[in-house]
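So you can see what is in the structure, the chains are spelled out below.
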Amino acid sequence: MSSSRPFLVKTQELLHSIFSLRSALIFTALVCALAFNAQVSKAGTLTVPAGGNLQKAMNDAQPGDTIILEAGATYTGPFTLPVKSGADYITIRTNASDANLPVDKRVIPAQASLMPKIVSPGSGQPALKTDAGAHHFRFIGIEFMPANANAFVYDLITFGEGASQTLLSQVPHHLILDRCYIHGQPGAYLKRGVALNSGYTEVINSYVSDCKAKGQDSQALMGWNGPGPFKIINNYLEGAGENVMFGGADATVPNLVPSDIEVRRNHLSKPLAWRGVWTVKNLFELKNAQRVTVEGNLFEYSWTDAQTGYAILFTVRNQDGGAPWSVVQDVLFTNNIVRHSGSGMQIMGSDYLHPSQQSARITIKNNLFDDINGGTWTGAGTFLQLTGGPADVTFDHNTIFHTGNIVSSDTTTSINFRMINNIMPHNAFGVHVDSDAYATALPGWVFSGNVVIGGANYSRMYPLGSYYPAQQSDVGYVNLSGGNYRLASTSQFKSRGTDGKDPGCDFDLLEAAMAGAVSSPSTTPAPTPTPVATPAPTPVPTPVPTPVATPTPAPTPVPTPNSNSPLLRINAGGAQYTDPSGNVWQDDNYYTGGKVYAPSTLASTDIINTSNNQLYRKERYSDGTGVPLDYAIPVQNGSYTVRLHFAEIWYGVSDSRGAGARVFNVQLENQQVLSNYDIYARAGGSLKAVVEEFQTTITDGVINLRFTSLVDNAKVSGIEVIANTTAQPAPQPNPTPTPTPTSGMPAILLSNGTGVVFNAASFRTGPFTVETAENASTDKRTRLMLFANGITSTISTSHVSSYIRLESQTLLANLADSVKVEARAADGRTFQLPVEYAGAQGAINGLDQINFMLVPELRGIGNLELTLVVGSYRSNSVTITVR
């Protein structure tokens, strides 16, 4: 990160990404006035000995100056940071050298003797606060604390105001706490360590502890009325209510959402001595926040007290009803350890008490959740509670040890929910949805590549593609009892994830992130050892990437030794060109329908979040006649990753409308992969690139894409096709695919619904409709039969689950556990139907017979495609209609 970028450029970035236009103009005018009036002078040093006037030194200091405080001396506040002109930091630091308090190393309480003390006198006053608009102050090696155990304090440090601050011009900014010890008194009340109602604020390498209260929330760090960015890096953070929280009170600056938040390499914990003494809720909570990265942290010790024991909460709240813009979105939670908690995570889609925005695009990837135990820590032991319908939630490559449900969900619809490549026990109920309303709560959900211990008897409840070993010892860990949860080289699940990697957490990545190899904090360069030296100003933090950089809900592309680059790139709506990385995008081809839009007014740098601007400055769109836009891209049969590139270059540019003005669906191989897709809403505005990525398997030699308009026109800017197996030759423009059935592959006899018996009573010889309420049996489920070949010849008898004895005393092998009936609805939803019997010598002699049931949620669903899945083989499909 460079410290040479001008302050005005950084401020403009903040304005463009966070501030409203009206407030931005006010704030810009203020910043320009500060820069214009800055005095060009040599930085100086002000020394304040024990008993000296620290407030006068703060008032007298000029930008770039350093105020030196005496280690061990006490300075009694409250002190107020005044407004200064200029953009250089005023540094307030200990006279102890950096050799004793090393840069980039977290301080501990034992180093308090090296620090001067800035204390609160009590009476509800802080030790340190800010004037409206104060900026560019940095504290190094300072101890902040209440004066004594009887000093009553709400916020020990207050950056900004939670209520009276109503304009962005009043927001303090560019504030840094580096290597500071911030704490309450043992046994005494302290509601909050630091209130973060500010912009461009860092808490780094510090130790924040003893933040606790009874009967109300308390936090080490909390922010709700500051725009950010925030860097919280390499700290110990201890709070009874929530160790760290954003939101939780209504922002009084209109439309403010704390944004661009980094939480890296911290240790968040609660002392066990607090159990039953102080009011405890959770370890980390977002109630109003966006563009958040949480990486490389240790979260531990959370139990049921004022809440039900969940450790991590992403629960959007318009807390007091005055902030309906509240949202939790674009969150990446990766490479963390969460342990010793009554339950794991809560994710909520919308506030059920007051109006809020919908939570969206939350990714939980490559984490270890250990000892999530409801018995030990009092709670349900549930890994995930899902309520209120969040969108685009992905759990990928996590290793989880919990005692309750994998998921407990209400019936609110959560679109694009994905749980892939995780290792976790099933326990009693696994993924549980209230009233068994899976089709309503999790439409089209993806549950694949997971290792679900003890879930074999429930596997029919879940989409295809996961594994169900009987017990933990069957997984094949390196050392389960010793806590080494890597998969051993002998594990049967090695490389069985959807991306070709091991399921579960990649512990090498996890350990590197927690050791600081992924990201270093933005800190002050080490000054010369003498106290009179002026440390260089801390570089301004770079905001977290915008939502387009957030990993998409689609799985990671499968890497292979022979092919890891796109087989084909199509410049939709445009001609062949070479992008800045040297990649060739061929001219638009393989499409049916649509028109081209390429505005001449867009400059080459107008599209943000990409270096490949040319791709997004034109598009192919459906022509508004109701005819979908189709692409049929010829490839060899195999597994592929398909990337679709979008940017909104009409709404918000040539038309003033924004979100909701263009909505469409996308189908890949007749499966709906994007529903009610809104480019403007997904990217966070116009002229912003966004990429969506999907996996598919091709058996007919053609990748089929369909873009169907719902509101205005569907469109696409670019298409990439990546071979997931060995490298494929470039496709020819007009091949004639002639797929050949594999020998022994199962096939349903005849098509269009023929060869099906309804409720074991009547044989249907053509397409027909079934009524799920009609049933002669006592359990009121509708039973059907399919007749096929290739079942008994494909499955080894070692997979026989039970035998059926006929009246003739003949024993029939029942292969039901090895045969799946997959049902796909017209809207793309997929269901796995319960199979009761699969085997030979059915009602039609010489054919295999499959008895299965229609699940209740299919009632009234309409056309349904039925496909047999036997191992890696899939049969042809037949269609029935369900009333």
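The structure we're discussing is the one just above.
So, how was this worked out
Residues numbered from 1 in each chain as written. Predicted model: local features only at pLDDT ≥ 70, side-chain atom pairs only at ≥ 80, totals over all residues. Heavy atoms only, no water. Pairing = 2+ DSSP bridges. Helix = DSSP H or I, 4+ residues; strand = E, 2+ residues; numbered from the N terminus. Core = buried A, V, L, I, M, F, W, Y, C linked by side-chain atoms within 4.5 Å. Buried < 20%, exposed > 50% of the residue type's maximum accessible area, 1.4 Å probe, protein only. Right-handed = clockwise from strand over helix to strand, strands pointing away. Phe/Tyr/Trp six-rings, centres within 6.5 Å; stacked < 30°, edge-to-face > 60°. Lys NZ or Arg CZ within 6 Å of the ring centre and 35° of its normal. Contact = heavy atoms within 4.5 Å. Polar contact = N/O pair within 3.5 Å; in protein donor to acceptor, adjacent residues only side chain to side chain. Salt bridge = Lys/Arg side-chain N within 4 Å of Asp/Glu carboxyl O. Arc of directions from axis to C-beta.

### Let's talk about the sheet that holds strand β54 (residues 715-716)
Step number 1: Here three strands make up an open sheet; going across it, the order is β46-β47-β54 and the pairing antiparallel. The open sheet has two edge strands with one neighbour each: β46 (595-597) and β54.
Step number 2: As defined by bridge partners, strand β47 (residues 619-621) adjoins β54 across two bridges and the pair is classed as antiparallel. Across the sheet, residue Arg 620 finds its bridge partner in β54, namely Val 716.

### Overview of the sheet that holds strand β45 (residues 591-592)
Step number 1: Ordered by their spatial adjacency, five strands build an open sheet running β45-β48-β53-β50-β51, and the pairing between neighbours is antiparallel. Edge strands, defined here as strands with exactly one partner in the open sheet, are β45 and β51 (671-677).
Step number 2: Inspection of the sheet shows strand β50 (residues 663-668) paired to β51 by four bridges, in the antiparallel sense. Paired with Val 666 across the two strands is Leu 674, which belongs to β51.

### Here's the deal with the nonpolar core
In globular proteins that are soluble, nonpolar side chains generally tend to be buried together.
Step number 1: Grouped together as the largest cluster of nonpolar side chains are 88 residues, with contacts concentrated most on Phe 139, Phe 144 and Phe 314.
Step number 2: Among the elements that line this core, the one with the most residues is strand β10 (residues 153-159), at four residues.
Step number 3: One finds Tyr 631, Leu 668, Val 673 and Val 690 within the second-largest nonpolar core, a separate group that totals 32 residues.

### Regarding the pairing of strand β2 (residues 66-69)
Two faces belong to every sheet, and in a regular strand the side chains alternate between them.
Step number 1: Here β2 shows a buried face lined by Thr 66 and Ile 68 and a second buried face lined by Ile 67 and Leu 69.
Step number 2: Pairing geometry for strand β1 (residues 45-48) and β2, over four bridges, is parallel. Across the sheet, residue Leu 46 finds its bridge partner in β2, namely Ile 67.
Step number 3: Read as a crossover between parallel neighbours, the route from β1 over helix α3 (residues 54-60) to β2 is right-handed.
Step number 4: The pairing of β2 with strand β5 (residues 90-94) spans four bridges and is classified as parallel. Within β5, the residue paired with Ile 68 across the bridge is Arg 93.

### Here we look at the packing of aromatic side chains
Any two aromatic rings considered together are summarised by their centre-to-centre distance and by the angle between their planes.
Step number 1: Across all of its chains, the model carries 31 aromatic pairs by this definition.
Step number 2: Judged by centre distance (4.9 Å) and plane angle (85°), the rings of Phe 152 and Tyr 154 are edge-to-face.
Step number 3: Centroid distance Trp 445 to Tyr 462: 6.2 Å. Interplanar angle 80°. Geometry classified as edge-to-face. Here Trp 445, found in the loop between α5 (438-441) and β38 (446-448), pairs with Tyr 462, found in the loop between β39 (451-453) and β40 (477-479); they are 17 residues apart in sequence, far enough to count as distant.
Step number 4: In this structure Trp 445 comes out as buried when scored by relative accessible area, which is 9%.
Step number 5: Connected via pairs of aromatic rings, a cluster forms that spans Phe 284, Phe 299, Phe 314, Phe 333, Phe 369, Phe 383, Phe 395 and Phe 417.
Step number 6: Its end group placed over the ring of Trp 278, Lys 212 keeps NZ or CZ at 5.5 Å from the ring centre.

### A few points about the pairing of strand β31 (residues 384-387)
Step number 1: Alternating positions in β31 separate cleanly, Leu 384 and Leu 386 being buried on one face and Gln 385 and Thr 387 remaining unburied on the opposite face.
Step number 2: With four bridges connecting them, strand β28 (residues 343-348) and β31 associate as parallel partners. Its bridge partner lying in β31, Ile 347 is registered against Leu 386.
Step number 3: Sheet topology places β31 next to strand β34 (residues 407-409); three bridges connect them, and they run parallel. When the sheet's bridge partners are listed, Leu 384 is paired in β34 with Val 407.

### Let's talk about the side chain of Asn 234
Step number 1: With respect to the helices and strands, the residue Asn 234 is situated in the loop between β17 (230-233) and β18 (236-239).
Step number 2: We classify Asn 234 as buried; its relative accessible area is 9%.
Step number 3: Apart from residues lying up to four places away in sequence, Asn 234 is in contact with Asp 104, Lys 105, Arg 106, Ile 204, Asn 205, Ser 206, Arg 264, Arg 265 and Asn 266.

### Some remarks on the side chain of Ser 302
Step number 1: Examined against the element boundaries, Ser 302 turns out to sit in strand β24 (residues 298-302).
Step number 2: Here the side chain of Ser 302 touches Tyr 310 through a polar contact of 3.4 Å, landing on its backbone oxygen.
Step number 3: Once residues lying within four places of it in the same chain are set aside, the contact partners of Ser 302 are Lys 281, Asn 282, Leu 283, Gly 309, Tyr 310, Ala 311, His 340, Ser 341, Gly 342 and Trp 377.

### Focus: the pattern of salt bridges
Step number 1: Considering all chains together, one arrives at 30 salt bridges under this definition.
Step number 2: With its nearest N and O atoms 3.8 Å apart, the salt bridge here joins Asp 396 to Lys 365. Here Lys 365 lies in strand β29 (residues 360-365) and Asp 396 lies in strand β32 (residues 391-396), a separation of 31 residues in the sequence.
Step number 3: Take Lys 365: its relative accessible area is 27%, and that puts it in the partly exposed class.
Step number 4: Residues Asp 502 and Lys 494 are paired through a salt bridge, measuring 2.8 Å at the closest nitrogen-oxygen approach.
Step number 5: For Asp 502, a relative accessible area of 22% translates into the label partly exposed.
Step number 6: Here the salt bridges do not stand alone but share partners, grouping Glu 619, Glu 648, Arg 662, Asp 712 and Lys 715 into one network.

### Notes on unusual backbone geometry
Step number 1: A cis amide bond links Gly 77 with the next residue in sequence, Pro 78, at an omega value of 10°.
Step number 2: For the bond from Gly 228 to Pro 229, the omega torsion is 0°, close enough to zero to count as cis.
Step number 3: Its place among the elements puts Pro 229 in the loop between β16 (219-223) and β17.
Step number 4: Notably, Tyr 301 is not glycine yet its phi reads approximately 75°, a positive angle.

### Describing helix α6 (residues 507-514)
Step number 1: Within the sequence span of α6, burial applies to Phe 507, Leu 510 and Ala 513. All buried residues of α6 project into a common sector of 125° when viewed along the axis, lining one side.
Step number 2: Against the buried residues of α6 lie β23 (289-295), β27 (337-341), β30 (368-372), β33 (399-402) and β41 (484-487).
Step number 3: The distance from a side-chain oxygen at the start of α6 to the backbone nitrogen of Asp 508 is 3.1 Å, and the residue carrying that oxygen is Asp 506.

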